[in-house]
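Descriptive structure summary
Each chain is listed here by its residues.
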Amino acid sequence: MKMAYCAATASSRGGGGALPLSHCSSISRLINFNVNSKTSNQLFFTTTADFRKRRFYVRSEATPKLKDPVAVEQGDASRIETSKSDTEAVASRITYHAEFTPSFSPEGFDLPKAYFATAQSIRDSLIINWNATYDMYERMNVKQAYYLSMEFLQGRALLNAIGNLELTGPYGEALSKLGHKLENVVSQEPDAALGNGGLGRLASCFLDSLATLNYPAWGYGLRYKYGLFKQLITKEGQEEVAENWLEMGNPWEIVRNDISYPIKFYGKVVKGSDGKKRWIGGEDIVAVANDVPIPGYKTKTTINLRLWDTKVPSSDFDLSAFNSGEHTKACESQADAEKICYVLYPGDDSLEGKTLRLKQQYTLCSASLQDIIKSFEKRCGDNVLWKEFPEKVAVQMNDTHPTLCIPELMRILMDLKGISWKEAWDITQRTVAYTNHTVLPEALEKWSLELMQKLLPRHVEIIEMIDEELINQIVSEFGKSDPELLESKLNAMRILENVELPSSIADLFIKPKDISTLDTSEEVCNKADEEDDIVEKKEKEMLQKPALIPPKLIRMANLCVVGGHVVNGVAAIHSEIVKEEVFNDFYKLWPEKFQNKTNGVTPRRWIYYCNPDLSKIITKWTGGDDWVLNTEKLAELRKFADNEDLQSEWKAAKRSNKIKVVSFIKEKTGYSVSPDAMFDIQVKRIHEYKRQLLNILGIVYRYKKMKEMTPVERKDKFTPRVCIFGGKAFATYAQAKRIVKLITDVGATINHDPDIGDLLKVVFVPDYNVSVAELLIPASELSQHISTAGMEASGTSNMKFSMNGCILIGTLDGANVEIREEVGEDNFFLFGARANQIARLRKERAQGKFIPDPRFEEVKEYIRSGVFGAYNYEELMGSLEGNEGFGRGDYFLVGKDFPSYIECQEKVDEAYRDQKRWTRMSILNAAGSYKFSSDRTIHEYAREIWNIEPLQLP
């Protein structure tokens with residue numbers, strides 16, 4: 001039998017299914033796949049090109065079996081049968097893509113080319129399962145969850161995809177035959193620059209778990225061309241340059257040019273003759289879909305991450321202006337549209353920056369909802385029942401960035417679908433849910449009412465109506481008998497801040513004078529006249545000064561609580577703070593809305609793939625690899641914690657990982673470190689509340705004490721340490737950038753001090769990302785999670801470290817609380833003030849009652865002495881001093897916790913000297929991490945918020 005076939009041509013869904021070559025005539029002249037009827041899995045790969053000149057001539061005798069081409073065209077997921085041990089088949093697919101899906105010149109087969117061809121070959125397999133997954137969802141018309149997030153911190157995709165498809169062995173062997181190692185090919189992939197920190201990494205872990213657990217779901221985000229930034233570490237500290245992750249293309253994404261939606265900004269709202277509101281005029285752009293397949297582990301289920309890019313039609317290009325020499329003007333509309341998806345979190349100190357951020361948020365919400373509604377209508381056919389929309393659709397807002405989903409869904413339902421306010425509001429509230437990620441003010445977003453009125457006039461009308469309904473509900477709940485109570489509730493709970501109340505409500509708070517108690521004597525009246533003169537004089541003076549009118553704002557977090565049916569925190573302590581402090585008034589009104597969903601991380605990426613040495617040990621001692629899907633099996637390690645054989649293997653795996661990091665640090669920073677030292681790591685976004693400053697001050701104290709000792713005393717007193725930092729400070733966050741500068745200056749001094757040698761090294765790893773984390777975390781021995789108690793919502797890096805047998809030092813904050821409960825109090829180094837003490841401690845500080853520890857004062861003076869260079873750290877040190885005020889008063893309680901912190905670090909040194917005890921603690925940390933799989937978290941979301949059921953391909 002002879003059949004022409006093109007495995008990489010896009011299917012009708014737009015992307016990459018296989019089609020008969022009768023549909024690809026230009027390629028069919030080049031390729032013939034000959035399947036001998038006697039040896040049906042033999043493939044002879046011949047072309048008119050001379051492959052030998054291009055160094056990868058392939059004549060494979062073991063390739064995929066090809067089934068009926070009609071089945072292929074219809075998307076039969078089983079159409080290509082590949083033996084998982086068939087390396088020749090994999091090699092043929094790789095070389096096919098190197099030749100016929102080229103991103104590089106035809107000569108040679110170097111590493112970049114090998115990466116692209118390998119990724120494209122694995123993408124073929126993903127597309128088969130991908131199409132089958134969504135064909136099934138449409139056919140079954142199941143309820144689907146849609147996860148909207150401004151960030152998805154994916155990391156590299158190749159190793160994860162190969163592993164989830166159980167093809168690591170064949171791909172490793174195939175690439176070896178083609179002259180490359182799998183790990184070298186994998187290293188060519190840049191991290192997708194679609195996120196920054198824990199928010200985006202959590203979203204990506206959730207997608208992995210959703211696919212693995214066979215839940216019907218999609219992710220929606222934006223396709224950032226330049227990411228947040230690429231971090232450079234220079235003598236000046238952190239510098240930022242644009243990410244270049246898309247410069248060579250992205251083999252994983254498929255542009256869906258047929259899937260695009262109009263997005264409008266500015267304009268005005270008019271009422272038509274039919275009484276319906278219409279949003280007209282303004283600035284129009286188009287959001288275009290780019291799809292990325294997300295494969296599950298050991299399942300055919302492959303879900304989708306849809307990323308929106310922005311553009312305008314060609315007709316918006318002003319050809320006349322261009323030909324007149326006004327080139328910038330001619331491209332203005334294109335530039336305005338495209339810049340929406342240039343940068344993640346553009347600086348918002350300017351009005352232009354704020355406008356761009358709001359445009360980003362609205363683009364994500366509007367394009368995603370239009371897409372969701374289109375799918376809903378398609379599945380319903382001619383019988384669209386909008387009241388059933390929440391029975392088929394669940395929209396999860398990952399923090400407040402997608403809040404505009406609420407007014408946008410209302411707008412579409414009312415203005416475009418003709419649904420009444422009452423019904424649209426009921427549908428919206430039953431569809432949307434909100435995850436709160438932090439108590440920090442910058443995360444509880446507030447937008448200028450004036451800006452939003454200009455940019456999104458129809459949405460402001462809808463928000464005002466929602467606010468009015470909320471006011472009526474608050475008045476109904478609390479009554480009018482106690483105006484002070486009612487006023488306090490309205491001030492706390494309203495969506496609109498500093499906006500006038502409806503007159504019927506505002507009149508309740510006018511306090512009339514009590515005439516019966518007035519003294520009308522001449523003396524009193526004269527005194528009153530004098531007071532009136534003084535008041536009049538002051539009023540005139542005030543008129544000469546600009547009035548400080550508080551800005552009118554829209555509180556997005558309040559809108560999320562009001563507009564959704566569930567509000568969840570992301571750790572037990574955080575959820576309690578959400579209920580008792582952040583949204584206490586709402587909690588008292590709607591207690592049923594509030595839930596806890598402790599974060600989790602995927603064990604596939606964060607143990608199985610990034611730490612293969614430890615994975616083999618866990619598999620051996622737990623009796624199989626079931627733990628990769630059922631992390632409860634990790635708890636079985638507890639019974640072997642004192643076993644000498646396990647401890648020996650465990651230590652060997654850790655040392656092997658440390659040796660890799662030694663080479664990495666040398667390559668990235670030039671510093672040489674010893675694998676025999678303790679690896680002490682703090683890697684996360686640089687922020688004052690995360691307290692990298694506390695860490696580096698502790699290191700400075702350690703260094704100062706070492707310098708005061710003799711060599712013998714140093715060796716006896718201190719355990720050798722390599723202190724590793726990583727993370728990005730936001731480009732406009734000056735204080736965070738000062739902290740980065742201090743860390744690098746301290747490192748430059750200590751690392752070149754011959755008196756100290758390998759006893760202490762300080763390293764700042766530049767451009768920390770997922771791939772760097774996958775290298776550092778398996779090598780870690782101590783990890784610092786030392787945020788001010790009550791300020792870290794959850795944290796997920798603490799879970800990753802614990803899973804890899806790293807011991808934590810930290811405060812009782814976020815998920816630290818639950819991790820400590822599971823791993824055991826003796827296996828967690830605890831210090832610092834508790835969350836319920838923070839408010840009192842800040843109040844005492846403001847009252848001047850705080851007395852700093854002499855050791856804390858000593859460290860600050862040591863830094864000011866210039867021992868770490870000439871840079872002026874006065875603003876940074878000054879933030880730790882004084883009692884209150886902007887940039888003063890030590891808001892994050894570094895000074896308060898410093899004594900407890902350095903004393904706890906002494907306990908760390910003591911424990912590390914006893915390696916048997918330390919290894920036992922390490923094993924118990926891994927065993928206790930079983931509860932922190934994102935699989936567990938997703939099951940809870942699916943059952944308790946989204947009400948969706950798993951659906952697996954046969």
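Below: a short report on this structure. (Residues numbered from 1 in each chain as written. Predicted model: local features only at pLDDT ≥ 70, side-chain atom pairs only at ≥ 80, totals over all residues. Heavy atoms only, no water.)

A few points about the overall build of the protein
- Helix and strand content of the protein: 38 helices and 29 strands.
- Put simply, the protein has 954 residues, and 57% of those count as buried.
- Counted over contacts in the protein with a minimum sequence separation of 6, partners at least 24 positions apart contribute 75%.
- Just so you have it, the protein exposes about 39800 Å², and 50% of that area is on carbon and sulfur atoms. (Helix = DSSP H or I, 4+ residues; strand = E, 2+ residues; numbered from the N terminus. Buried < 20%, exposed > 50% of the residue type's maximum accessible area, 1.4 Å probe, protein only. Contact = heavy atoms within 4.5 Å. Areas by Shrake-Rupley, 256 points an atom, 1.4 Å probe, with all protein chains shown as cover.)

Thoughts on the sheet that holds strand S25 (residues 721-726)
- On the basis of which strands lie adjacent, the open sheet formed by 6 strands has the order S26-S25-S24-S27-S28-S29 and parallel pairing. The open sheet has two free edges, formed respectively by strand S26 (760-765) and strand S29 (829-830), since each of these has just one partner strand.
- As judged from the 6 bridges shared by S25 and S26, these two strands associate in the parallel manner. When the sheet's bridge partners are listed, Phe-725 is paired in S26 with Phe-764.
- Helix H37 (residues 915-928) contacts strand S24 (678-683), strand S27 (782-785), strand S28 (807-810) and S29 of the sheet and is inclined by roughly 85° relative to S28. (Pairing = 2+ DSSP bridges. Axes fitted to C-alpha atoms, helices over the stretch in contact; angles between N-to-C directions.)

Details of unusual backbone geometry
- Non-glycine residue Asn-214 carries a positive phi angle of around 65°.
- Relative to the assigned elements, Asn-214 resides in the loop between helix H8 (198-212) and strand S9 (217-222).
- Residues other than glycine seldom take positive phi values, yet Arg-691 does so here, at roughly 65°.
- Mapped onto the secondary structure, Arg-691 falls in the loop between S24 and helix H27 (692-707).
- Residue classification places Arg-691 among the buried residues on the basis of a relative accessible area of 0%.

Thoughts on the packing of helix H14 (residues 405-416) against helix H17 (residues 457-478)
- Axis separation between H14 and H17 bottoms out at 9 Å; the angle between their running directions is 100°. As the angle between them shows, H14 and H17 are arranged roughly perpendicular. Along the contact surface, H14 presents Ile-406, Pro-407, Glu-408, Met-410, Arg-411, Met-414 and Asp-415, while H17 presents Arg-458, His-459, Ile-462, Ile-463 and Ile-466. (Parallel < 35°, antiparallel > 145°, perpendicular 65-115°, else oblique.)

Looking at the sheet that holds strand S23 (residues 594-596)
- Strand order in the open sheet formed by 9 strands is S12-S15-S16-S9-S8-S17-S18-S22-S23, and the pairing between neighbours is mixed. The sheet terminates laterally at strand S12 (254-265) and S23, the two strands that pair on one side only. Adjacent strand axes in the sheet meet at a mean angle of 25° when their direction is disregarded.
- With 3 bridges joining them, strand S22 (residues 567-569) and S23 adopt parallel strand pairing. Each residue of the ladder has a partner; that of Gly-569, found in S23, is Asn-596.
- Those strands touched by helix H15 (residues 421-431) are strand S17 (393-398) and strand S18 (432-435), and its axis lies near 40° from that of S18.
- In the packing of helix H22 (residues 572-582) onto the sheet, the strands contacted are S22 and S23, and the crossing angle to S23 comes to about 165°.

Focus on helix H38 (residues 934-946)
- Spanning 13 residues, H38 covers only 16 Å between terminal C-alpha atoms, well under the ideal 18 Å at 1.5 Å per step.
- Residues of H38 that are buried include every one of Ser-934, Asp-935, Thr-937, Ile-938, Tyr-941, Ala-942, Ile-945 and Trp-946, and no others. Taken around the axis of H38, the buried residues stretch over an arc of 160°, which confines them to a single face.
- Sitting at the head of H38, Ser-933 places a side-chain oxygen 3.0 Å from the backbone nitrogen of Asp-935.
- The first or second residue beyond H38 is Asn-947, which carries a positive phi of 55°. (Expected span 1.5 Å × (residues − 1). Arc of directions from axis to C-beta. Polar contact = N/O pair within 3.5 Å; in protein donor to acceptor, adjacent residues only side chain to side chain.)

What about the packing of helix H3 (residues 87-100) against helix H4 (residues 111-140)?
- H4 packs onto H3 with a crossing angle of 115° between their chain directions and a minimal axis gap of 8 Å. The two elements H3 and H4 meet at a crossing, and its hand is right-handed. Residues Arg-93, Ile-94, His-97 and Ala-98 of H3 form the contact with H4, whose participating residues are Lys-113, Ala-117, Thr-118, Gln-120, Ser-121, Asp-124 and Ser-125.
- Grouping the amino acids of the contact of H3 with H4 by side-chain chemistry returns 3 nonpolar, 5 polar and 3 charged. (Left-handed = near helix turned anticlockwise from the far one by under 90°. Nonpolar A, V, L, I, M, F, W, Y, C, P; charged D, E, K, R; others polar.)

What about the packing of aromatic side chains?
- Considering all chains together, one arrives at 37 aromatic pairs under this definition.
- Aromatic pair Tyr-226 and Tyr-342: ring centres 5.4 Å apart, planes at 65°, arrangement edge-to-face. Note that Tyr-226 is positioned in the loop between S9 and strand S10 (230-234) and Tyr-342 in the loop between helix H11 (332-338) and helix H12 (351-380), a separation of 116 residues in sequence.
- Residue classification places Tyr-226 among the partly exposed residues on the basis of a relative accessible area of 29%.
- Chaining the aromatic ring pairs together yields one cluster made of Tyr-134, Tyr-137, Tyr-146, Trp-218, Tyr-220, Tyr-261 and Trp-308. (Phe/Tyr/Trp six-rings, centres within 6.5 Å; stacked < 30°, edge-to-face > 60°.)

A word on the pairing of strand S16 (residues 302-311)
- Of all 10 residues that make up S16, 8 are buried, and the element is covered over most of its length.
- One ladder, built from 5 bridges, connects S9 with S16; its direction is parallel. By the bridge assignment for S16, Trp-218 is matched with Asn-304.
- Here strand S15 (residues 283-295) runs beside S16; their pairing, made up of 10 bridges, is antiparallel. The partner of Asn-290 across the bridge, within S16, is Leu-307.
- In textbook terms, the turn of a hairpin is the stretch between consecutive antiparallel strands, and for S15 and S16 this stretch comprises 6 residues, one of which, Lys-298, has a positive phi near 55°.

Examining the pairing of strand S13 (residues 268-271)
- As paired elements, S13 and strand S14 (residues 277-280) share 4 bridges and run antiparallel to each other. For Val-269, the partnering residue across the bridge sits in S14 and is Trp-279.
- Remark: 5 residues form the turn of the hairpin made by S13 and S14, two consecutive strands paired antiparallel; Gly-275 in that turn has positive phi of roughly 85°.

A short note on empty space enclosed by the protein
- In total, this model carries 6 cavities of 30 Å³ or more according to the counting rule given.
- Roughly 70 Å³ of internal volume is contained in the second largest cavity.
- In terms of lining residues, the second largest cavity is bounded by Asn-141, Val-142, Tyr-146, Ile-372, Ser-375, Phe-376, Arg-379, Lys-392 and Val-393.
- Looking at which element gives the most residues to the lining of the second largest cavity, the answer is H12, with 4 residues.
- Residue composition of the lining of the second largest cavity, grouped by class: 5 nonpolar, 2 polar and 2 charged. (1 Å grid on protein atoms, 1.4 Å probe; cavity = no way out; pocket = protein on both sides within 12 Å on 5 of 7 lines; lining within 4 Å. Points joined across faces, edges and corners; volume = space filled by probe spheres on them.)

Quick notes on the nonpolar core
- Core analysis: the biggest nonpolar cluster contains 157 residues, and Met-452 and Trp-946 have the highest contact counts within it.
- If you tally residues by element for this core, the top one is H4, at 13 residues.
- Beyond its immediate stretch of four places on either side in the chain, Trp-946 contacts Lys-143, Ala-145, Tyr-147, Leu-210, Ala-394, Gln-396, Ile-938 and Tyr-941.
- In terms of nonpolar packing, the next biggest core, distinct from the first, is built from 55 residues, Trp-650, Ile-681, Val-770 and Phe-932 among them. (Core = buried A, V, L, I, M, F, W, Y, C linked by side-chain atoms within 4.5 Å.)

Examining the pattern of salt bridges
- The final tally for this structure, using the stated rule, is 67 salt bridges.
- With a closest N to O distance of 2.9 Å, Lys-264 and Asp-284 form a salt bridge. Separated by 20 residues along the polypeptide, Lys-264 in strand S12 and Asp-284 in strand S15 bring together distant segments of the chain.
- According to the relative accessible area criterion, Asp-284 is partly exposed, its value standing at 40%.
- A salt bridge links Lys-690 to Glu-792; the shortest N-O distance between them is 2.9 Å. Linking Lys-690 in the loop between S24 and H27 with Glu-792 in the loop between S27 and helix H31 (797-803), this pair joins segments that are 102 residues apart in sequence. In this structure, Lys-690 and Glu-792 share a single accessibility class: buried.
- Counted as one network, the salt bridges with shared partners bring together Glu-857, Lys-860, Glu-861, Arg-864, Glu-874 and Glu-881. (Salt bridge = Lys/Arg side-chain N within 4 Å of Asp/Glu carboxyl O.)

What about helix H21 (residues 556-563)?
- Most of H21 sits inside the fold, with 8 of its 8 residues counted as buried.
- Among the residues making up H21, those that are buried are Met-556, Ala-557, Asn-558, Leu-559, Cys-560, Val-561, Val-562 and Gly-563.

A short note on the side chain of His-574
- In this fold, His-574 is placed in helix H22.
- When residues no more than four places from it in sequence are discounted, the contact partners of His-574 are Asn-436, His-437, Thr-438, Val-439, Gly-569 and Ala-793.

Points about the side chain of Thr-133
- Along the chain, the position of Thr-133 falls in helix H4.
- Thr-133 sits in the buried class, given a relative accessible area of 0%.
- Once you skip the residues sitting within four places of it in the chain, Thr-133 turns out to touch Lys-300, Thr-301, Thr-302 and Leu-953.

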